[in-house]
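Structural overview for review
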Amino acid sequence: MNIQNNNLKHLKLSGLEPLVITPESNFINVGERTNVAGSKKFLRLIQENQFSEALEIARHQVEGGAQILDVNFDDGLLDGKQCMIKFLNLIASEPDIARIPMMIDSSKWEILEAGLQVVQGKCVVNSISLKAGGEEFIHQAKKIKRYGAAVIVMAFDELGQADNLERRIEIAKRSYDILVDKVGFPAEDIIFDLNIFPVATGMEEHRRNALDFIEATKWVRENLPHVSVSGGVSNVSFSFRGNDAVREAMHSAFLYHAIKAGMNMGIVNPAMLEVYDEIPKDLLELVEDVLLDRKPDATERLLDYSETHKSVKQEKTEDLAWRNLPLQERITHALVKGIDRFIEEDVDEARKFAAKPLDVIEINLMTGMSVVGDLFGSGKMFLPQVVKSARVMKKAVSRLQPFIEAEKDKTRPTKGRVLMATVKGDVHDIGKNIVGVVLGCNNYEIVDLGVMVPAEKIIQTAIDENVDLIGLSGLITPSLDEMVHIAMELERQNLNFPLMIGGATTSKAHTAVKIDPKYKNAVVHVNDASRAVNVVSSLLSAKNAEYVAELKADYADFREKFLNRQSDKEYISLGDARKIRFNINWNKEEIFKPKHLGIQVIENQNLTELIEFIDWSPFFRAWDLHGKFPKILDDEKVGEQAKELYADAQKMLKLIVDKKLLTAKAVFGIFPANSDEHDDISVFDKNKNEIAKFHTLRQQSKKTEGQPQLELALSDFIAPKSSGKQDFIGAFCVSAGFGTDELAKKYEQEHDDYSAIMVKALADRFAEAFAEFLHKKVRTEFWGYASDENLKNEELISEKYSGIRPAPGYPACPDHTEKLTIWNLLNVKENIGVELTESLAMFPTASVSGYYFGSPHAKYFGLGKITEEQLADYAERKNTDLEKARKWLLPNLAE
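Counting starts from 1 at the beginning of each chain's written sequence and moves along it residue by residue. Under the rules for a predicted model, residues below a pLDDT of 70 receive no local features and side-chain atom pairs below 80 are neither given nor counted, while totals for whole chains, interfaces and linings still include all residues. As a convention, hydrogens and water are excluded, and side-chain values are obtained from all of the structure's heavy atoms.

Note on aromatic contacts: the rings of Phe and Tyr and the six-membered ring of Trp form a pair at centre separations within 6.5 Å, being stacked when their planes are under 30 degrees apart, edge-to-face when over 60 apart, and tilted otherwise. All told, the structure shown has 24 aromatic pairs when counted by the stated rule. Ring plane angle 75° and centroid distance 5.7 Å describe the contact between Trp 322 and Phe 342, whose orientation is recorded as edge-to-face. Separated by 20 residues along the polypeptide, Trp 322 in the loop between helix 11 (298-308) and helix 12 (327-337) and Phe 342 in the loop between helix 12 and helix 13 (343-353) bring together distant segments of the chain. Burial classes: relative accessible area under 20% of the type maximum marks a residue as buried, over 50% as exposed, and values in between as partly exposed (1.4 Å probe, protein chains only). Take Phe 342: its relative accessible area is 13%, and that puts it in the buried class. Measuring from ring centre to ring centre gives 6.4 Å for Phe 717 and Phe 853, while their planes differ by 85°; the resulting arrangement is edge-to-face. Only DSSP runs of H or I reaching four residues or more are called helices, and only runs of E reaching two or more are called strands; each is numbered from the N terminus.

Here it is as C-alpha cells:
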C-alpha cells in the first residue's frame, strides 16, 4: 500500500533499546504470554506468588522474537495494581527482557497508571476508548501523554464495539480528532485496534468481518496521518479450531492483505502461519473467498474442505517436482531452500542463454537472492536457512568464475564494501562470519581480515581497499577497549568510515557510552546478524546524513540516561564490605580432602563420552534461534527450522566423532589452599609451600531493601588461614578446538560456509561439554566430595550440583589476568598446547578454563561495580601497575 504522507513521523518505543517503527519495518509482533487472560501457566504462577518463575515466561517471549511484551493482570482473584508494579520492577532488573518495550494492558485505569509510573522506557498503553464518553477519554489520554507513552485506541464508543466498516471509520476518525486536536497527542503515538472478529461462523452478519477490518485499516492509514494499526490475528480463524492447516492458511492470507492495507503490528502466533506463496492454491482460493467475501457460498465450501482435509502429521519425502519448473524458478527455489545439488547444472544452462557469464550472477542468481532477502527481512526465513542459501550462491559463483575471468570481466557491481575483523587479542569469529555471509547474500562485498587484527592493519586496509564501512567483532572484555582505541585512531586520522560493533560482550550501552563519544562518524551496535543488513543499508544510503544524525542523537540521549542511572548507585567502603562478607562457620564445617592432589593431563578425550553433556540451547542461539532445548524444537516460531538445524548438527557430530576430526585435551589439578583477610587465596604444594595466589574481588554495591546484606567474594568459599583448617581449590583448562580451524577452512575452500560455521559451533559445544564432564569427574572421583551424585544432564546444565567452576573474565571474577596464574600453576601451554593471546583469549577458541570450588556453600554471583578504593587495593595485592589494573577492570569500575 502506498501511504500518501508527507513529513512522515515514526512511532518510537523503547525498553533499554529503541524500537522505531517505520514504513520499512517488518510486521511488529507482540508477545502475549505474560497476560493472565492468555496464559494459564502465567496466571497460576502469579496466583502462587512465583514471580521469578513468571519472569521466565517473559524471557522466553523475548528469546522467541517478541518485539513488544504485553503485560496484563486483569483477574478477579489478583491485586492487579500491585502485581503490575511488582512485575514491571522485576523486569527492569533483567536487561535481556527489559531491552524491548512493554505494553501495559488492563481494562482498569488505576492499573494502567500504576504501570506507567514504574515502567522504564517508552511503553504502549493497552487500551483506552470512547466507551465511557469523550470526557473520560480525554482525561486518560492527557495523562498518558504526560507519561510519554503511546496508546492503543479500541474501536469502541458509547454505542458499543465497531462491527462494520462504517462504525470502525466513524470511531477511529472521532478518536483521532479528539486526541490530535483537543489533547495534542502525537499522532505517531496512536495505534488503532480496529477489532478482528471471526469469519465463517455461519452468521450472515459476520461475512464481512475480515474485509471490513482490511478496508478500515486502509482508510485509517490513508486518512489519519502517522498512526499505526494493530489487532489479534488468531481471532479471524476461531471457527476452525482443531484444523491447524486451515487456520495457518487463514492467518497468512489475512496478514498478507491486512499488511498491504497498512496493518503494521499485532498479536500473531508465528507457528500458526504458512508462507503465503506456499499455501495450496485450492485452499488459498477458498480462504480468500471467505476473508474477502467473494462468493455467497464461501463459508460452506471452506467448511467442506476443512472436513475432508484434517490436519495430520506426514513423513517428509523428497519432492523433486520443482525440477520441472522454468529455469529461473528452479534457481530461485534452490537458493530459497538451500539445495545445492542441482545448482551447477542450472547455472550451466543459464549461461547458454546469457549474453555473458556475469549476467547469470546479476540476473538469475541475484533474482533468487532478492527473494531470500525479502523472506529473511519479513521474518519468513531464519539465519541457518540464509547461510545455506549463501552456500548455494557461492557454489554457483565458483562454477561461473572461470568463464567470467576468461572474458576479463570483473566489474560486477556491489552495494558496497564492508571490512570485517575480530580485533587484536581476540580469536572468536562465529558471529562475524555469520554477519559476513548475510551481508554477502545481500550483494555486499566482504573484506574479511580474520581474527586478532591490530588497529593499524584494520585502518590501513580500510584505506587501501577503499571500503565503505568497518565492522568490528569481539567476545572477551578487553576487546571492548580495543574497539574504543580503533575509534580514537579513526578520529585522530580524520577518517570517516562508519563503524559497526558486534560480539557477545558488546552492547548498546558500551557502544553509546564508551565508543560513540570518541568518533565523530557513525558508530552503531548490532546485536544480531538479522539486523546487520538494515544497518549497513541505512549507513550507506543516500539519506546517510539523516540516519547518522538520528543515531548520534539517540546514543547521546541513551548515554545521558545511562550515566544518570549510574550516579544513583550507592557503594560502601571496601572495609565495610569485608565486614559483611559471606561467613561460613569453619569450626563446624567439614572439609572433604581430595582423593587425588596435583596435576592430571588428558591427552585425547573420547568425544563420544562428551555428547550426553552437551547443552544445546547456546548452539541454537549462535544461529540466532532463541529458545531452550529441547522445547525449541517445538517452538511456535522457530521449531521447524530448529529441527532442521539440529538434524544437520547430528550428521556433522557423527562425522566428527566417527572420523576423529577434532581432538579434545585437558589439564586440571587440585591443591591445598587457604584464603586471607584481603580476599586472596593462597595455593600450596604437598609440602605446604605457596606456589600460586589467586586474587579475588568483593562486591561493594549497597543492596536494596529485601536483598541479603552480604558482599561476596570467591575467597569467602575457601577456609581462611586463621581457621586452622586446610582447604582445597582446583583449576582446569579443557579444549576441543584442536583441528577446528583446519576443518572449517576446508569447508570454506569448498564454498560451504554453513558447514564451516557448524564445525566451529559444535567445537564450542564440545568444549563446554568437556568442562561439564570433567567437573563431574572431579566432584565424583578425583576430589570425590560428591561420589554419590546422580544428576541428569538438564540438572547439570541448571547447576544443581555441589560446588562451582567460575572462570576469570566472567561475572564473579572479571579480571582476565587471573588466567595467567592458572596457566603458570598447571603449565597449560606445555601440557596441552592451549595458548593465551595478548588480550588473554584462549587459542584454540573452543576452550574453557576456570577454578573448582568444592564447598557446598559456594555459589555463582555477579561482582557488579567496584570503587577506586578497591581497584587500588587490588593492584597493590597483585603487585601490578594501577593503570594496568584499571584497563582490565574498566567495565567494572563505578563511574
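Having seen the model, we can carry on.
Every case where a carboxyl oxygen of Asp or Glu lies within 4 Å of a side-chain nitrogen of Lys or Arg is listed as a salt bridge. Counted according to the given criterion, the structure contains 65 salt bridges. Between Glu 344 and Arg 399 there is a salt bridge, with its nearest N and O atoms 3.6 Å apart. In this pair, Glu 344 sits in helix 13 while Arg 399 sits in helix 15 (residues 383-406), placing the two residues 55 residues apart along the sequence. Classification of Glu 344 by relative accessible area gives partly exposed; the value is 29%. Taking the relative accessible area as the measure of exposure, Arg 399 reaches 33% and is therefore partly exposed. One salt bridge connects Lys 388 with Glu 644, and the closest N-O pair in it is separated by 2.7 Å. Highlighted residues: Lys 388 in helix 15 and Glu 644 in helix 24 (residues 639-658), separated in sequence by 256 residues.

All right, on to the pairing of strand 13 (residues 417-422) then. The element strand 13 is extensively covered by neighbouring structure, given that 5 of its 6 residues are classed as buried. As paired strands, strand 13 and strand 14 (residues 445-448) are joined by 4 bridges and run parallel to one another. Across the sheet, the residue bridging to Val 418 is Ile 446, located in strand 14. With its strands directed away from the observer, a crossover is right-handed exactly when the path from the first strand over the helix to the second travels clockwise. In terms of handedness, the path from strand 13 via helix 16 (residues 430-441) over to strand 14 forms a crossover that is right-handed. Relative to strand 15 (residues 469-473), strand 13 runs parallel, the two sharing 5 bridges. In the sheet register, Val 418 faces strand 15, and the bridge partner there is Leu 469. Two strands qualify as a pair provided DSSP detects at least 2 bridges between them.

Relative to the helices and strands, Asp 244 is located in helix 9 (residues 244-261). In this structure the C-alpha to C-alpha distance between Asp 244 and Ser 306, which are 62 residues apart in sequence, comes to 9.8 Å.

So, about the side chain of His 695. Relative to the assigned elements, His 695 resides in strand 21 (residues 690-695). Here His 695 falls in the buried class, since its relative accessible area comes to 11%. In this structure the side chain of His 695 is engaged in a polar contact, spanning 3.0 Å, whose partner is the side chain of Asp 680. Every residue pair with non-hydrogen atoms within 4.5 Å of one another is taken to be in contact. Ignoring any residue separated from it by four or fewer positions in sequence, one finds His 695 in contact with Asp 679, Asp 680, Glu 818, Tyr 874, Arg 877 and Lys 878. Any pair of nitrogen or oxygen atoms within 3.5 Å is treated as a polar contact; in protein, a donor-acceptor pairing is required on top of that, and neighbouring residues in sequence qualify only through side-chain atoms on both sides.

Right, let's get into the sheet that holds strand 13. Strand order across the open sheet formed by 5 strands is 14-13-15-16-17, with parallel pairing between neighbours. If you trace the sheet from one side to the other, it starts and ends with strand 14 and strand 17 (523-525), each paired once. Adjacent strand axes in the sheet meet at a mean angle of 25°, parallel and antiparallel pairs treated alike. Where helices are involved, their axes are fitted lines through C-alpha atoms of the stretch in contact, as for all axes, and angles between N-to-C directions lie from 0 to 180°. Against the sheet, helix 16 touches strand 13, strand 14, strand 15 and strand 16 (499-502), its axis set at about 170° to strand 13.

Time to look at the packing of helix 7 (residues 165-183) against helix 8 (residues 209-223). Two numbers describe a pair of packed helices, the interaxial angle and the distance between the axes. Put simply, helix 7 and helix 8 touch, their axes get as near as 9 Å, and they point 35° apart. Crossing geometry of helix 7 relative to helix 8 is assigned as right-handed. Contacts from Leu 165, Arg 168, Ile 169, Ala 172 and Lys 173 in helix 7 reach Asn 209, Asp 212, Phe 213, Glu 215, Ala 216, Trp 219 and Val 220 in helix 8. When residues are sorted by character, Ala, Val, Leu, Ile, Met, Phe, Trp, Tyr, Cys and Pro go into the nonpolar class, Asp, Glu, Lys and Arg into the charged class, and all the rest, Gly among them, into the polar class. Broken down by class, the residue content of the contact of helix 7 with helix 8 amounts to 7 nonpolar, 1 polar and 4 charged. By definition, any crossing whose near helix is turned counterclockwise from its far helix by less than a right angle is left-handed, and any crossing with a clockwise turn is right-handed.

Here the focus is the environment of Lys 593. Along the chain, Lys 593 falls in the loop between helix 22 (574-579) and strand 18 (598-602). Taking the C-alpha atoms as reference points, Lys 593 and Ile 363, 230 residues apart in sequence, are found 71 Å from one another. Not counting chain neighbours up to four residues away, the residues in contact with Lys 593 comprise Phe 728 and Trp 783.

Turning next to the state of the cysteines. When two cysteine sulfur atoms are found within 2.5 Å, that pair is recorded as a disulfide. Enumeration over the complete set of coordinates arrives at 0 disulfides. With no disulfide of its own, Cys 83 lies closest to Cys 123 among cysteine sulfurs, the gap being 18 Å. A relative accessible area of 9% places Cys 83 in the buried class. Free cysteine: Cys 733, not disulfide-bonded; nearest cysteine sulfur from Cys 813 at 15 Å. Using a relative accessible area of 0% as the deciding quantity, one classes Cys 733 as buried.

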